[in-house]
Structure formats: structure tokens, C-alpha cells
Amino acid sequence: MSEPFSVPVTVRGYETDVQGHLNQAVYLNYAEHARWSLLHAAGISQSALIGSGVGPVALETTIRYQRELLAGDEVEVTCAFAWGGGKTFRIEQNVLKADGTIAAQITAVGGILDLEKRKLVADPAEVFKRLASDPGLFGL
């Protein structure tokens, strides 16, 4: 597994529910923001993906909520890729409170879709290696 990449996020009031907790759907937005930030840091843009005829796809996402987040909380959202061979990969993410406490754990299974064939590519790691200026951020 790659070393975790992370991005800071501040919980905004409009992202909370009636109890004042961060709404469950917003965790997905935070996770997605961290993943796209990692791609950007590694030198991969959306236009580069599309220009190469591929795009990332989410196949499964699981969220384990562990501690509440409230408006104004400062968090770090981590992102680490795990490669096992085959057409898919796993992304392990944590939403960490300022004191390092895990607020949520997010595990996603993804793939790289060939946009013309509408099928997963055989080796997604190879796509990231080819497109990234810093494939080490993906643990490659």
C-alpha cells in the first residue's frame, strides 16, 4: 500500500444535519476530493485521463463512522492506494480529527474504465504509471 496522501478540510455548517453532525453523504465528497487531489499532485488531470481514453470508476464504497464531526472542525482526509493485481484496486482513506482521532474510515474499490469499450482496463496500475509524473504517490 502507498504512503497516505492527505488534504485538509474544514467542516462547513451547511454540510451538517439536524443534529449538527457532518451529513453522511458529505464524507463521500471529502473522500472524492482527497482522491482527485492525489491525482492532481501526481500530475494526472481529468483532461489527461479523457485524452487517454480512460476514466476512474468507483465500484464499491464502505464508510465506517467512528466519531462525530461538527461545523468548524478541522480534519485531514487521507488517501492510500493498495494494488493486488487484476482490474481493480483498493483505496483506503481516513478522516482524521485535529487530535489524530479517526472520525471515519472509507474503503473504496475502483477501476479504470476504457471509455470506448466501456470495460475495465486489464492493468489499472499501468495506466497510473504511464500518466503520472509522480507514480510513487500511488505506491507504484
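It should be noted that the structure appears before, not after, this text.
Residues numbered from 1 in each chain as written. Predicted model: local features only at pLDDT ≥ 70, side-chain atom pairs only at ≥ 80, totals over all residues. Heavy atoms only, no water.

## Remarks on the overall build of the protein chain
Looking only at helices and strands, one finds 3 helices and 6 strands in the protein chain. Start at the N end of the protein chain and walk to the C end: the helices and strands fall as β-α-α-β-β-β-β-β-α. For the protein chain, whose C-alpha radius of gyration is 16 Å, the value lies close to the compact-globule estimate of 14 Å for 140 residues. Taken along its principal axes, the extent of the C-alpha atoms in the protein chain is 45 × 25 × 25 Å. Residue pairs in contact within the protein chain that sit at least 24 positions apart in sequence constitute 67% of those at least 6 positions apart. If you sum the accessible surface of the protein chain, you get close to 7500 Å²; carbon and sulfur atoms cover 50% of it. Here the protein chain contributes 12 positively and 16 negatively charged side chains, and the mean placements of these two sets differ by 8 Å. (Helix = DSSP H or I, 4+ residues; strand = E, 2+ residues; numbered from the N terminus. Rg over C-alpha atoms; globule rule 2.2 N^0.38 Å. Contact = heavy atoms within 4.5 Å. Areas by Shrake-Rupley, 256 points an atom, 1.4 Å probe, with all protein chains shown as cover. Lys, Arg positive; Asp, Glu negative; His and termini not counted. Charge placed at Lys NZ, Arg CZ, Asp CG, Glu CD.)

## Considering unusual backbone geometry
Look at Arg118: it is not a glycine, yet its phi comes out positive at around 60 degrees. Among the structural elements, Arg118 can be located in the loop between β5 (102-114) and β6 (119-120). You can call Arg118 exposed: its relative accessible area is 56%. (Buried < 20%, exposed > 50% of the residue type's maximum accessible area, 1.4 Å probe, protein only.)

## Considering the side chain of Arg35
Following the sequence through the fold, Arg35 ends up in helix α1 (residues 24-41). Those residues within four positions of Arg35 in sequence are excluded, and the remaining contacts are Cys79, Ile91, Gln93 and Ala108.

## Looking at the pattern of salt bridges
This structure, assessed with the given rule, holds 3 salt bridges. A salt bridge links Glu32 to Arg35, with the shortest nitrogen-to-oxygen separation between them at 2.5 Å. Taken together, the residues Glu32 and Arg35, both in helix α1 and 3 residues apart, mark about one turn of the helix. The exposure class assigned to Glu32 is partly exposed, which follows from its relative accessible area of 34%. Put simply, Arg90 and Glu92 hold a salt bridge, and the shortest N to O gap is 2.5 Å. By relative accessible area, Arg90 is classed as partly exposed at 34%. (Salt bridge = Lys/Arg side-chain N within 4 Å of Asp/Glu carboxyl O.)

## Some details on the nonpolar core
Core analysis: the biggest nonpolar cluster contains 35 residues, and Val95 and Phe138 have the highest contact counts within it. Going through the elements one at a time, β1 (5-10), α1, β3 (74-83), β4 (88-97), β5 and α3 (124-131) are the ones with two or more residues in this core. At 7 residues, α1 tops the list of elements feeding residues into this core. In contact with Val95, not counting residues within four places along its chain, are Tyr27, Leu69, Val75, Glu76, Val77, Thr101, Ile102, Ala103, Ala104 and Ile106. (Core = buried A, V, L, I, M, F, W, Y, C linked by side-chain atoms within 4.5 Å.)

## Quick look at the layout of surface pockets
By volume, the largest pocket amounts to about 220 Å³. Mapped by element, the contributors of at least two residues to the lining of the largest pocket are α1, β2 (54-65), β4 and β5. Tallied by class, the residues present in the lining of the largest pocket amount to 11 nonpolar, 2 polar and 2 charged. (1 Å grid on protein atoms, 1.4 Å probe; cavity = no way out; pocket = protein on both sides within 12 Å on 5 of 7 lines; lining within 4 Å. Points joined across faces, edges and corners; volume = space filled by probe spheres on them. Nonpolar A, V, L, I, M, F, W, Y, C, P; charged D, E, K, R; others polar.)

## Details of the environment of Gly139
Of note, Gly139 is situated in the segment after α3. The partly exposed category is assigned to Gly139, whose relative accessible area is 44%.

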